[in-house]
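So the chains spell out like this:
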Amino acid sequence: MMDAPGAVESPDFLVRSRNEVVRLLNGIMQEGALISISFMSSDDVAVSKLIEVDEPGNLLLLECPPDWRSITERHNGVGSIMLDSALGDAKIQFQSGFGEVADLNDALVLILNIPEFMWRFQRRRDARQKVSGLKITLNLGFLASEAEVADIGMGGVCVLNCDSALKLETGEVLSGCAIALPGVGQIAMELTIQHQTPMKLADGSEVRQVGCQFTRLDESTQQLIAHYLEALTEV
């Protein structure tokens with residue numbers, strides 16, 4: 001089995017106890033925490049939930065992502081996946097094969113084996129990550145403008161808006177905005193303008209730094225953003 005990206009072989013991070021592995025999985029299931037599934041050989045990402053921990057049968061049952069079959073077909077059914085979730089203030093991560101899809105009570109489920117070990121990391125909440133080369137589309141209904149993302153966190157983004165013709169008001173809500181996150185894909189979001197600060201770049205040009213809060217994000221989108229942020233910390 002391959003090592004998880006950024007995994008540390010330390011008792012503080014590596015969980016090998018069967019009882020502790022099952023306890024963590026049951027905690028994730030009981031809290032209804034979302035699980036992001038990333039594919040080791042591509043940028044594909046899916047989101048699911050754990051619906052049953054069958055310890056005697058050594059099986060996990062997860063909600064089958066709608067596009068699971070098409071994703072696995074692209075991989076010819078061969079490869080590994082990494083599963084990430086959160087329990088309390090800890091990030092939980094483990095690896096698996098693609099598993100099997102089955103019909104359970106007229107619903108498709110993804111069946112995986114209970115992992116022999118997991119990684120547990122202390123998770124930083126709402127930490128902002130500085131980024132470069134990331135663009136966001138701000139939608140004002142009658143026009144759209146592309147801006148550069150300066151930093152991003154679970155709560156929102158800070159953007160450098162270089163379009164002087166774009167008039168933004170503090171407290172204004174922008175619906176239908178979009179950002180393409182590497183390794184995740186394009187996600188839609190609603191933003192609320194929190195503050196605006198004029199600043200000068202290194203080349204002397206003047207721009208506005210605009211702080212935006214995410215509003216009404218659904219759970220799947222939150223998990224995808226969390227997955228992207230976790231990947232940044234592992235680089």
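Data block above holds the structure.
A brief report on the enclosed structure follows.

So, how was this worked out
- The residue count restarts for each chain, going from 1 along the sequence in the order it is written.
- Whole-chain, interface and lining totals are the exception, using all residues; otherwise, since this is a predicted model, local features are given only for residues with pLDDT of at least 70 and side-chain atom pairs are given and counted only at 80 or more.
- To get the side-chain values, take all heavy atoms of the structure and skip hydrogens and water.
- In DSSP terms, a helix is any run of H or I states spanning at least four residues, a strand is any run of E spanning at least two, and both are numbered starting from the N terminus.
- Exposure is judged per residue with a 1.4 Å probe applied to protein chains only, and the accessible area is read against the type maximum: over 50% gives exposed, under 20% gives buried, and values in between give partly exposed.
- Here, two residues are considered to be in contact whenever any of their heavy atoms come within 4.5 Å of each other.
- Only the protein chains shown count as covering a residue, and every accessible area follows the Shrake-Rupley method with a 1.4 Å probe.
- The span you would expect from a helix comes to 1.5 Å times its residue count less one.
- Two strands are counted as paired when DSSP detects at least two bridges linking them.
- A pair of aromatic rings is counted whenever rings of Phe, Tyr or Trp (Trp by its six-membered ring) have centres within 6.5 Å, and the orientation is called stacked for planes under 30 degrees apart, edge-to-face for over 60 and tilted otherwise.
- Criterion for a charge above a ring: Lys NZ or Arg CZ within 6 Å of the ring centre, and within 35 degrees of the ring normal.
- In this description, the term disulfide denotes a pair of cysteine sulfurs within 2.5 Å.
- Within this document, salt bridges are pairs made up of a side-chain nitrogen of Lys or Arg and a carboxyl oxygen of Asp or Glu, the two lying within 4 Å of each other.
- Contacts described as polar in this section are N or O atom pairs within 3.5 Å, which, within protein, must combine one atom able to donate a hydrogen with one able to accept it, while residues neighboring in sequence count only if both atoms come from side chains.

Within the protein chain, the secondary structure is distributed over three helices and 16 strands. The burial tally for the protein chain puts 45% of its 235 residues in the buried class. Within the protein chain, counting contacts between residues at least 6 apart in sequence, those at least 24 apart form 60% of the total. Carbon and sulfur atoms form 48% of the exposed surface of the protein chain, whose accessible area is close to 12,200 Å².

Our focus in this paragraph is helix α1 (residues 18–31). Between its terminal C-alpha atoms α1 stretches 20 Å, which fits the 20 Å expected from 14 residues at 1.5 Å a residue. Turning to α1, its buried residues are Glu 20, Val 21, Val 22, Leu 24, Leu 25, Gly 27 and Ile 28. Phi for Gly 32, located one or two positions after α1, is positive at around 65°.

Now for the pairing of strand β3 (residues 45–54). As judged from the five bridges shared by strand β2 (residues 34–39) and β3, these two strands associate in the antiparallel manner. Paired with Leu 34 across the bridge in β3 is Lys 49. Turn length for the β3-strand β4 (residues 59–63) hairpin, with the two strands adjacent in sequence and antiparallel, is four residues, and the turn residue Asn 58 shows positive phi of about 60°.

Where a strand is regular, its side chains alternate between the two sheet faces. Counting buried positions over the eight residues of strand β5 (residues 80–87) gives seven, a clear majority of the element. With four bridges joining them, β2 and β5 adopt antiparallel strand pairing. Bridged to Ser 36 within β5 is Asp 84. As judged from the eight bridges shared by β5 and strand β6 (residues 90–97), these two strands associate in the antiparallel manner. When the bridges of β6 are listed, Ser 80 appears paired with Gly 97.

A word on the packing of aromatic side chains. For the structure on display, the rule yields three aromatic pairs. Considering the side-chain rings of Phe 117 and Trp 119, the 5.2 Å spacing of their centres and the 85° angle between planes classify their relative orientation as edge-to-face. The cationic tip of Arg 16 hangs over the ring face of Phe 117; the distance from NZ or CZ to the ring centre is 5.0 Å.

This part covers the state of the cysteines. Under the defined criterion, the tally for this structure stands at zero disulfides. This cysteine, Cys 212, is not joined by any disulfide, and Cys 177 carries the nearest cysteine sulfur, 7.6 Å off.

Enumeration according to the criterion identifies five salt bridges in this entry. The salt bridge involving Arg 216 is made with Glu 190; its shortest N-O contact spans 2.7 Å. Here Glu 190 lies in strand β15 (residues 185–200) and Arg 216 lies in the loop between β16 (206–215) and α3 (219–234), a separation of 26 residues in the sequence. Judged by relative accessible area, which is 14%, Glu 190 ranks as buried. One continuous salt-bridge network, built from bridges that share partners, spans Glu 20, Arg 23 and Arg 120.

Attention now goes to the side chain of Thr 215. Among the secondary structure elements, Thr 215 is positioned in strand β16. A distance of 2.9 Å separates polar atoms of two side chains, one belonging to Thr 215 and the other to Glu 190. Beyond its immediate stretch of four places on either side in the chain, Thr 215 contacts Glu 190, Leu 191 and Thr 192.

Take the environment of Gln 93 next. Within the secondary structure, Gln 93 is located in strand β6. As for Gln 93 and Phe 121, which are separated by 28 residues in sequence, their C-alpha atoms are 8.3 Å apart. Reaching out from Gln 93, the side chain makes a polar contact with the side chain of Asp 84 at a distance of 2.8 Å.

With respect to the secondary-structure elements, His 227 resides in helix α3. Judged by relative accessible area, which is 14%, His 227 ranks as buried.

On to unusual backbone geometry. Phi at Asn 58 is positive, roughly 60°, even though this residue is not glycine. Note on placement: Asn 58 falls in the loop between β3 and β4. Phi is positive for Asp 106, close to 65°, though the residue is something other than glycine. Its location among the elements puts Asp 106 in the loop between β7 (100–104) and β8 (107–113). Given the relative accessible area of 76%, Asp 106 is considered exposed.

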